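# Close look at the chain arrangement
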Amino acid sequence: MFKEACDPLKHTSMYQRAEEDSEDSDGEGGLGNVSRVIIRPPGHSGKAKRGHLCFDAAFETGNLGRVDLVGEFEYDLFLRPDTCNPRYRFWFNFTVDNVKQDQRVIFNIVNINKNRNLFKDGMTPLVKSSSRPKWQRIPRCEVFYYKSVIHQNHYVLSFAFGFDKEDEVYQFALTFPYSYSKLQAYLNALESKFPESFERTTLGMTVQNRKLELITFDDVKKPDKVDQKNIIHMVVVFARIHPGESPASYVVQGLIEYLAAANQPISKALRENVVFKIIPMLNPDGVFLGNNRCNVIGHDLNRSWNKMSQYTHPTLAAAMKMLKEYDNSSCYQVDFVIDIHAHSSLTGTFIYGSTYDNVYRYERHLVFPKLFASKCEDFCQEHMMFNADDRKSGTARRYFVEALSDNVNTYTLEVSMCGYYLNDTNVLTQYTEDGYMRIGRNLARTFLEYYRFTNILPIPPVDELRPRKGRPRTHRPRARSRTRSEVRLRPKTVRTYAPISYTDLSICYDTDTSNEGSPIRYMYSNYGGFRMRALGPPDQYSLSNIQTARFSNLDFSSDYRFKVTPKPKTAPEHKMPPIEILTVPPKPCLTIIDFNQLTRGGLDEATSGRKLDREKEKIRRHTFKSSSRKA
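Criteria and thresholds
- Residues numbered from 1 in each chain as written.
- Predicted model: local features only at pLDDT ≥ 70, side-chain atom pairs only at ≥ 80, totals over all residues.
- Heavy atoms only, no water.
- Pairing = 2+ DSSP bridges.
- Helix = DSSP H or I, 4+ residues; strand = E, 2+ residues; numbered from the N terminus.
- Axes fitted to C-alpha atoms, helices over the stretch in contact; angles between N-to-C directions.
- Parallel < 35°, antiparallel > 145°, perpendicular 65-115°, else oblique.
- Contact = heavy atoms within 4.5 Å.
- Nonpolar A, V, L, I, M, F, W, Y, C, P; charged D, E, K, R; others polar.
- Buried < 20%, exposed > 50% of the residue type's maximum accessible area, 1.4 Å probe, protein only.
- Expected span 1.5 Å × (residues − 1).
- Polar contact = N/O pair within 3.5 Å; in protein donor to acceptor, adjacent residues only side chain to side chain.
- Salt bridge = Lys/Arg side-chain N within 4 Å of Asp/Glu carboxyl O.
- 1 Å grid on protein atoms, 1.4 Å probe; cavity = no way out; pocket = protein on both sides within 12 Å on 5 of 7 lines; lining within 4 Å.
- Points joined across faces, edges and corners; volume = space filled by probe spheres on them.

### Observations regarding the sheet that holds strand S21 (residues 409-416)
Strand order in the open sheet made by the 8 strands is S14-S15-S17-S16-S18-S21-S19-S20, with mixed pairing throughout. Only two strands of the sheet have a single partner each, and these edge strands are strand S14 (199-205) and strand S20 (385-387). The sheet shows a mean angle of 20 degrees between the axes of neighbouring strands, direction not considered. Looking at chain direction, strand S19 (residues 349-354) and S20 are connected through 3 bridges and run parallel. What sits directly across from glycine 353, in S20, is phenylalanine 386.

### So, the packing of helix H1 (residues 180-193) against helix H2 (residues 247-260)
Interaxial distance between H1 and H2 falls to 12 Å at its minimum, and their mutual angle equals 5 degrees. Relative to H2, the element H1 lies roughly parallel. Of the residues in H2, those in contact with Lys182, Tyr186 and Leu190 of H1 are Tyr250, Gln253, Ile256, Glu257 and Ala260. Broken down by class, the residue content of the contact of H1 with H2 amounts to 5 nonpolar, 1 polar and 2 charged.

### Side note on unusual backbone geometry
The backbone of cysteine 84 shows a phi angle near 65 degrees, a positive value even though the residue is not glycine. Relative to the elements of secondary structure, cysteine 84 occurs in the loop between strand S6 (74-78) and strand S7 (93-97). Judged by relative accessible area, which is 64%, cysteine 84 ranks as exposed. Located in the positive-phi region is arginine 240, a residue other than glycine, with phi close to 60 degrees. Topologically, arginine 240 is positioned in the loop between strand S16 (232-239) and H2.

### Brief notes about the pairing of S14
Note that S14 and strand S15 (residues 211-217) share 6 bridges and pair antiparallel. Counted as the bridge partner of methionine 205 is lysine 211 from S15. Between the end of S14 and the start of S15, which pair antiparallel, lie 5 residues, with asparagine 209 showing a positive phi angle near 65 degrees.

### Side note on helix H6 (residues 359-375)
Taking 1.5 Å per residue as the helical rise, H6 with its 17 residues ought to reach 24 Å, and the 26 Å between its terminal C-alpha atoms agrees with that figure. With 13 of 17 residues buried, H6 is to be regarded as a mostly interior element. Of the residues flanking the start of H6, the one acting as N-cap is asparagine 358, its side-chain oxygen 3.0 Å from the backbone nitrogen of tyrosine 360.

### Overview of the pattern of salt bridges
The tally for this structure, following the rule as stated, stands at 16 salt bridges. Close ionic contact of arginine 66 with aspartate 68 constitutes a salt bridge, the shortest N to O distance being 2.7 Å. Taking relative accessible area as the criterion, arginine 66 reaches 43% and is therefore assigned partly exposed. Exposure remark for aspartate 68: the relative accessible area of 23% places this residue in the partly exposed category. The shortest N-O distance in the salt bridge between aspartate 218 and lysine 222 comes to 3.1 Å.

### Focus on the sheet that holds S7
One open sheet accounts for 6 strands, arranged S3-S4-S7-S13-S9-S10; its pairing is antiparallel. At either end of the open sheet lies a strand with only one pairing partner, and these are strand S3 (37-38) and strand S10 (136-137). With 4 bridges joining them, strand S9 (residues 126-129) and strand S13 (residues 170-173) adopt antiparallel strand pairing. Pairing of lysine 128 across the sheet is with glutamine 171, part of S13.

### Section: the layout of surface pockets
Estimated volume of the largest pocket: approximately 780 Å³. As for the largest pocket, its lining consists of 27 residues, and the residues nearest its centre are Lys114, His242, Arg293, Arg303 and His343. Within the residue set of the lining of the largest pocket, elements represented by two or more residues are strand S18 (332-343) and S21. In terms of residue count, S18 provides more of the lining of the largest pocket than any other element does, 3 residues in total. Along the lines of polarity and charge, the residues of the lining of the largest pocket split into 6 nonpolar, 11 polar and 10 charged.

### Details of empty space enclosed by the protein
Evaluation of the coordinates by the stated rule reveals 5 cavities of 30 Å³ or more. Approximately 80 Å³ is the volume found for the largest cavity. Surrounding the largest cavity, 13 residues form its lining, Thr206, Asn283, Asp285, Asn295 and Thr315 being those nearest its centre. Secondary-structure elements contributing two or more residues to the lining of the largest cavity are helix H4 (284-289) and helix H5 (314-327). Its residues assigned to classes, the lining of the largest cavity comprises 6 nonpolar, 6 polar and 1 charged.

Following this line, the structure appears as structure tokens:
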């Protein structure tokens, strides 16, 4: 039977079996998982000896359906399919004990259903033992993924392993497990440490009567009267809709820990300006049972959003009810819905999005992935995809486009189960548990940058974000010189910080109507000539104008112009034509804003009338230089 909230490495010997196990340990417990099954060689009778391996997967998140001894030291392992759905067989998690010191074995996992996966690209299984609880990857030279003629040309995952200690229990898994009980223990510890930072509620119950946890970060000061100018912004994040994608839970844990930190100025600024709703585990039943993609009744929940039922998909119905309530509310505006997954056949971190007929909405939809790419060194832009595939109509990314309002941006955040290639090299860097949590922290930093550029979140002082460290106590000041010199006062200057470096944030579209009716701006060039730049049409979905009612303080009604006639450089009799400069630019458009040149809080400066002062100053300097040379 399944043992809830039990450490799979707790048992240390094959003789500590459950009372209901038979002497031969032939029975299988817990929905088809092996339960303390001892594999004896042919012709052996009596009690098992040291070296007769004992396999167990009858614990939370465990998966192993059958074990066959096919040689003196070779074993064929069969994965248990998802409950009520034999189609999915990829996740595995089991323990081995009663080993002999220096015993060498070969394990063959023979019934993986996904032929295209990361085992072809160098991913290896994980292993840990009772005295070494940190997960480690089996060396790549010991792992093989190939087509086997003996197994009807199916792909087989084989790995060799040597047991170095006798009184040890060894655990093998596809990737870092994250169980439902671990989530409960983590939330309990976090609630006791940061009781004021977040609110923990139960959004609903599953088919097997487990809790659907909801974590809320809400320190936003509620206004007396809510209208379009002071509406409350909201971000919704959920993960583990597929139970076998456990790295998604570590990403969510990194996000929760970052937002819960009470002393972090960035976290405090986010909590005080944006409401975060996080569902860390959307399929608790499937996680507990050790399934790969399905819930307890065999349904893939990420293909069931368009046909959800209160009885068969209670977690989806509860999450959708919450989203509908906030989306239809006049007090809140849902800006993002992010579904976190783990990918089994691609490397790196990337985002799936949707396409729209409205080009302005599509441009707005591209902004967040571009900002996120600048925060993650492991972001893989080649794997990023935006489409409107009808075959994925049951996914959250596609269903929410039609079910929610146009202001909602829905993404699927994918993280690899294996690793990423660093700086476009062929060196594969394997993910760790902290590496996945780092992605969650980068996700929070991306929200900070997005809401800064949209003028929703105030820019905190740089000293608060990066406090200057004082001199160490061991510092000794230099001896003062006896000869006094005149001390000149240092002129007061304004310190300017270096701009943020972004990765390919330019957004442009080569359409026939992109520059239709665009005014022409004449600008003076440093090379003695003129250049023209076309300005795009007013964009109601730009970063500083996501909602016109909120950002309607820019006045573009008047058309102020002035004329300047710069003095010629060579011939005095040559008269240069007057320069006509548009002083008030049109509304910003994503097709013309150069995101590579933006600094912190620089979006307003790039789209406001401050460029007029710089243009005047440039022409004034040019006139002054010409007059000086003539003199």
